[in-house]
There are 2 protein chains.
Amino acid sequence: MATITISAFNWVPDFARGQVRDLVVRWALEEIQQPYQVHLLNAGAVRPTEYLAWQPFDQVPAYRDETGELFESGAILLHLAQDRELLLPSDPAPRMQATSWLFAALNSIEPILRPITLMPLFNGDKEWCSPAVASMLPMAEKRLELLSNALGEKEWLAGQFTIADIMMVYVLRSFGGELINDFGNLLAYRARGIARPAFSRALQAQYDDFTGEPPHGD
Amino acid sequence: MATITISAFNWVPDFARGQVRDLVVRWALEEIQQPYQVHLLNAGAVRPTEYLAWQPFDQVPAYRDETGELFESGAILLHLAQDRELLLPSDPAPRMQATSWLFAALNSIEPILRPITLMPLFNGDKEWCSPAVASMLPMAEKRLELLSNALGEKEWLAGQFTIADIMMVYVLRSFGGELINDFGNLLAYRARGIARPAFSRALQAQYDDFTGEPPHGD
C-alpha cells in the first residue's frame, strides 16, 4: 500500500467543513502514519464524468492503491485495517466484534441520527419540519440508549481502539448533536476519540485542503 | 463454520413478514448451501436481557459460529463470504468493488430510501408526513439514477453475483417501492435477484419460522 490516493473536496460550504467524510479515511491513515495523496475536487462544481467510474455517487472519499479502487468510507476503513493490528485485532472473535460495530455505526446509528440533524438544516423554515423531526426522536433516543448500555464503562467498542471507533465517533460527532447529551459515557467516548492526535492531524489536513473557490464566485 | 446459529423472529406483524433482515443472511447461507440453526425470538415480546450481549440493538439477525459472534447483517454477509468465491471474488480488485457496493447498499442507498418508505407507514395520517416525504424524494431519485447509471447493462454490481447484490436487492425490494419504477435496469436487477432459487428458499425459511403467537393474544 505504498501509494495511496484518496479524493476530497477543495471547497465545501462552511457548515460542512470538518465534517466531510474523507475525515474518517484521513484519520485511519494518520493512526497508522501512512502517507497519502489527495485528488481534489470542488463540491460546488460539476465533477468530471470519469469521476463517477471511481465514485458512482459523485461523493468523497474515493480510494485507490496498487491493489484496486474503493468507494464508501466503511469499505476503505476495512481495507486499510487488513493486517493492521492497530486498526483491527487479528484474533477472530474481537475482530468480528469490531466489524459488527463498524457496520452498526453506518447502518444502525447514522441513518437514525442523520435526518434529525439534516432536516432542520435544510428545511428548518418549513412548518412540517418540527413535527417530522419530533416523530424520529423516540427511536433515536432508544437507539442511543442501547449504544450507551453496550459501551458501558468500556474505553472503546471492541476491546481496543479500532476502525469501528473511528466510524462511530465520526457519526456521533457529525450527526449526534445534542441527542448525545443524555448519555455521559457516549459524551466521554466521543471526546476520547476526538482527543486522539491522529484525529487532530486528519481534521487539520481536511481544512488545509480547502484551497478552492466557491462556485459562481459567491 | 460447521455449526452456525442465527437469530430470527417467530412472530412479526404482517407488513414485516418477508422483510425481516435475517432474510439476507438466510439468502447467503442458501447460496452456499450451508445448513444453520435458528434461535427464535418474538418481536412482540420483551427479549431476555442476555440477548443484548449478542445483539446490542435488540434486533435480528445475530450470528454465531465456532469462531465468534456477529451482529449487523452486513458484517455477517462479509464473514460468510470470506474464502467463498461464490459470494465474493478472491481477486483483490473485484473484491474491493464488491465490498464497496456492500457498504453502498447499507449507507448510500438504504438510509435515503428507508424514511420514504417507513414514514408514511407509521405516520401517514399526519399532516406533516406528505411534505416531509416530498422533501426527501429529489435526493432519493438522484441517488437511484446514479445507481442505475453505475449498474448500466451489467447483470450484477461487481462482475459476478456477490454479497453486494444480496444486500442491494434486499434494500431495493424492502425500501425501493415505486421509486424504482423509473429505472428499468434496476427493476430487472431486483427481479433477477429475487428469481434466484436461494432467495426463494430463504424467504420460505423465514415464513416457516413464523410459528409464534402475537403479543397480548391480539
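Just so you know, these numbers come straight off a predicted model, no measurement behind them.

Moving on, we come to helix H7 (residues 184–194) of chain B. All names here are of chain B. Turning to H7, its buried residues are Asn185, Leu186, Tyr189, Arg190 and Gly193. Seen from one end, H7 has its buried residues packed into an arc of 135°, which puts them on one side. Against helix H1 (22–31), helix H5 (129–151), helix H6 (163–175) and helix H8 (197–208) lie the buried residues of H7.

Residue and element names in this part refer to chain B. Overall, mixed pairing links the four strands, which are arranged S2-S1-S3-S4 in an open sheet. The strands lining the two open edges of the sheet, one partner per strand, are strand S2 (37–42) and strand S4 (68–71). Adjacent strand axes in the sheet meet at a mean angle of 30°, parallel and antiparallel pairs treated alike. Bridge count for strand S3 (residues 62–65) against S4 is four bridges, and the pairing is antiparallel. Bridge pairing in S4 places Ala62 opposite Phe71. Packing of H1 onto the sheet brings it into contact with strand S1 (5–11) and S2, and relative to S1 it is tilted by some 130°. Along the sheet, helix H3 (residues 73–81) contacts S3 and S4; its crossing angle with S4, the most-contacted strand, is approximately 135°.

Before going further, it helps to spend a moment on the pattern of salt bridges. Overall, the coordinates contain 21 salt bridges over all chains when judged by the stated rule. Here Arg114 of chain A makes a salt bridge to Glu110 of chain A, at a shortest N to O gap of 3.0 Å. With a gap of four residues between them, Arg114 of chain A and Glu110 of chain A both fall in helix H3 (residues 92–123), about one helical turn apart. On the basis of relative accessibility, which here comes to 0%, the residue Glu110 of chain A falls in the buried class. The salt bridge involving Lys142 of chain B is made with Glu145 of chain B; its shortest N-O contact spans 4.0 Å. Linking Lys142 of chain B with Glu145 of chain B, this pair stays in helix H5, spanning three residues, or about one helical turn. When its relative accessible area of 43% is taken as the criterion, Lys142 of chain B is described as partly exposed.

Attention now moves to the domain arrangement of chain A. Where interface size is given, it is often the accessible area lost as the parts come together that is meant. Residue and element names in this part refer to chain A. Under the domain assignment used here, chain A contains domain 1 (5–86 + 199–217) and domain 2 (92–196). Taking only C-alpha atoms, the centre of domain 1 and the centre of domain 2 are 21 Å apart. In this assembly, domain 1 packs against domain 2 so that about 1,800 Å² is buried in total across both faces, 60% of it on carbon and sulfur atoms. By the criterion of area lost to domain 2, the three top residues of domain 1 are Arg21, Trp27 and Phe199, representing 32% of everything that side buries. Here domain 1 and domain 2 share two salt bridges between them. Put simply, Arg21 and Glu110 hold a salt bridge, and the shortest N to O gap is 2.7 Å.

How each quantity is defined
- Residues numbered from 1 in each chain as written.
- Chains lettered and ligands numbered in written order.
- Predicted model: local features only at pLDDT ≥ 70, side-chain atom pairs only at ≥ 80, totals over all residues.
- Heavy atoms only, no water.
- Buried < 20%, exposed > 50% of the residue type's maximum accessible area, 1.4 Å probe, protein only.
- Helix = DSSP H or I, 4+ residues; strand = E, 2+ residues; numbered from the N terminus.
- Arc of directions from axis to C-beta.
- Contact = heavy atoms within 4.5 Å.
- Pairing = 2+ DSSP bridges.
- Axes fitted to C-alpha atoms, helices over the stretch in contact; angles between N-to-C directions.
- Salt bridge = Lys/Arg side-chain N within 4 Å of Asp/Glu carboxyl O.
- Domains from an automatic or database assignment.
- Buried area = accessible area lost by both parts, 1.4 Å probe.

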